[in-house]
Amino acid sequence: MEQRDIEIFLTLADELHFGRTAERLHVSSARISQAVKKLEHRIGAKLFDRTSRLVTLTPIGSQLRDDLAPAYEQIQAAVARAIEAGRGGGGVLRVGFIGAGVGMLVYEVAEVFRARHPGGEVQALEQRYADATTLLAGDEIDVLLCVAPALWTGMSESPVLFSEAPVLAVSARHPFARRAAVRLDDLARTAVLRPRLLTPEVDALAVPPATPAGRPVERGPDFGTIQEMLALVGAGRGVYPVPAHAQRFDSRPDVAYVPIEDAQPFDWRLLWRTASTTQQLRGFVRAAQDVVADRPNPLLD
C-alpha cells in the first residue's frame, strides 16, 4: 500500500466528501476515486458507502482507519524528526495568517522566536479565507494562526492564545448600522456571506445554520479574501461576523461594525499537522504564548 494512497484514504475518512478531500490534498476527485477503488480491490471489501449526497465508512473502513491512523502519524512524525535533526533545528518555519492585523502579530512573535533560535527563520505567508486550512493540510505552510480548532484527524492545536469579541460587518446603509448591537437571531433577517471552500464545521464556528430561535440563516454570495468580503458587505450584498480588530484594520466608509451580543468569542490559536511537530514549531508556539501573555487582545492594545 503506497503512502499517498494511505493519506488519501485517511483524509477521505476524515472529510467524508470527495471534493473537499481533493481540495485538501491538491489532487483531482478522479484521483481520490481511483485510490479508493485500488484499496477496495486489494482488501476485497468496500471501505465507503457512497450515494449522490452522502459518503460514509463501512465497518471494515472504520476498522482500517482506526488501525492505520496512529501508525501513519508515527511514520510522519519520525520523518519530521529526521528532517529536523538533519538541519540542526534550523530552517524556515512557514507561518500562515489571514489579514493585516494578524500578520503584525505573527511578525511580533517571529522576532521573539528568532532571538531565541538564531538558526531558525520565519516566513509569514498571508492566506485567503478559501485556502488557509487547505494549504496547511497540503504541507504548503507549517503552522496557521487562526480561530479554527483542530477539527481534522492528524491536526494539533496550541492552547487558546487570546479571545476576541465578535462584531457584524454590515453595509453603512444597512438598518443594523444604526443599532448599538445585534443578536444572533438577527442573522435570520438578512443574507450572511459564505467563505468559499470552508468545510461546514469551520463555517459554523462563525455562522450557525440556524438562529437560537430556530430560524434558518440565509446565505449570500461567497468570498475568498477579506477584501472580497468587505466589497460585498459595502455593496449591501450581505453581512458577516468578524473579530473586533477588524474595526481598526479593515476600516472603510461603506462598512460599519456592530457588536454581536450573544455570539461566542473568536478563540485564536496555532494549528499544525501533528506529524510535522518539531522542536522549531514548539519553540514558535512558546514564543506566541509569551508574546500574548497578560494581553487581553494583542491585536488591539
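Structure first, text after, so check above.
Quick caveat, the model's predicted, so the values are computed rather than measured. (Residues numbered from 1 in each chain as written. Predicted model: local features only at pLDDT ≥ 70, side-chain atom pairs only at ≥ 80, totals over all residues. Heavy atoms only, no water.)

1. Observations regarding the overall build of the protein
The condition that has to hold: Secondary structure is summarised from DSSP: a helix means a run of H or I of at least four residues, a strand means a run of E of at least two, and numbering begins at the N terminus for each. Buried means the residue's accessible area, taken with a 1.4 Å probe over protein chains only, is under 20% of the maximum for its type, while exposed means over 50%, and partly exposed covers the values in between. Residues count as neighbours in contact if any of their non-hydrogen atoms are within 4.5 Å of one another. Computed with a 1.4 Å probe, the accessible areas rest on the Shrake-Rupley method; for each residue, only the protein chains presented here act as cover. Only four residue types enter the charge count, namely Lys and Arg as positive and Asp and Glu as negative; His and the chain termini do not. Here the site of a charge means atom NZ of a Lys, CZ of an Arg, CG of an Asp or CD of a Glu.
Helix and strand counts for the protein stand at ten helices and 13 strands. Each principal axis of the C-alpha atoms in the protein carries an extent, and together these give about 65 × 55 × 25 Å. With 301 residues in all, the protein has 50% of them scored as buried. For the protein, contacts bridging at least 24 residues in sequence account for 74% of all contacts bridging at least 6. Carbon and sulfur atoms make up 53% of the accessible area of the protein, which totals about 14200 Å². Taken as two groups, the 34 positive and 37 negative side-chain charges of the protein have centres that lie 4 Å from each other.

2. Considering the nonpolar core
Keep this limit in mind: Here, the term nonpolar core denotes a set of buried Ala, Val, Leu, Ile, Met, Phe, Trp, Tyr and Cys residues that are joined through side-chain atoms within 4.5 Å.
The biggest cluster of nonpolar side chains holds 59 residues, and the ones touching the most others in it are Tyr240 and Leu270. Counting 21 residues, the second-largest nonpolar core is a separate cluster that includes Leu25, Ile32, Leu47 and Val55.

3. A short note on helix α5 (residues 100-116)
Selection criterion: Each residue after the first adds 1.5 Å to the expected span of a helix.
Taking 1.5 Å of rise per residue, the 17 residues of α5 would be expected to cover 24 Å, and the 25 Å separating its terminal C-alpha atoms lies within 8% of that figure. Here α5 has its buried residues at Gly101, Val102, Gly103, Leu105, Val106, Val109, Ala110 and Phe113.

4. Structural notes on the pattern of salt bridges
Quick reminder of the rule: Salt bridge, as used here: a side-chain nitrogen of Lys or Arg that lies within 4 Å of a carboxyl oxygen of Asp or Glu.
In this structure the tally under the stated criterion is 25 salt bridges. Where Lys46 meets Asp49, a salt bridge forms, and the shortest distance between an N and an O atom there is 3.2 Å. The class of Lys46 is partly exposed, set by a relative accessible area of 47%. When its relative accessible area of 35% is taken as the criterion, Asp49 is described as partly exposed. Taking the shortest distance from any N to any O, the salt bridge between Arg269 and Glu157 comes out at 3.2 Å. Of this pair, Arg269 sits in strand β13 (residues 266-273) while Glu157 sits in strand β6 (residues 155-157); the two residues are 112 residues apart in sequence, bridging distant segments of the chain.

5. What to know about unusual backbone geometry
Among all residues save glycine, negative phi is the norm, and among peptide bonds the norm is trans. Its identity is not glycine, yet Leu16 carries a phi of approximately 55°, on the positive side. One can find Leu16 in the loop between α1 (3-15) and α2 (18-25). Of note in the backbone geometry, Asp294 takes a positive phi value of approximately 65° without being a glycine. Examined against the element boundaries, Asp294 turns out to sit in the segment after α10 (279-292).

6. Section: a nonpolar patch on the surface
The test is simple: Here a patch means residues that are over 30% exposed by relative accessible area and free of salt bridges, tied together within 9 Å if like-charged and within 5 Å if nonpolar (Val, Leu, Ile, Met, Phe, Trp, Tyr).
A grouping of Met1, Ile43 and Ile60 is seen on the molecular surface, where their side chains present a nonpolar patch of about 240 Å² in accessible area. Within the secondary structure layout, Ile60 lies in helix α4 (residues 59-86).

7. Structural notes on the side chain of Thr11
Along the polypeptide, Thr11 turns up in helix α1. For Thr11, the residues in contact, after removing those within four places along its chain, are Thr21, Arg24 and Leu25.

8. A closer look at the environment of Ala124
For Ala124, the position within the fold is in strand β4 (residues 120-126). Classification of Ala124 by relative accessible area gives buried; the value is 16%. The contact partners of Ala124, leaving out residues within four places of it in the chain, are Val95, Phe97, Val106 and Tyr107.

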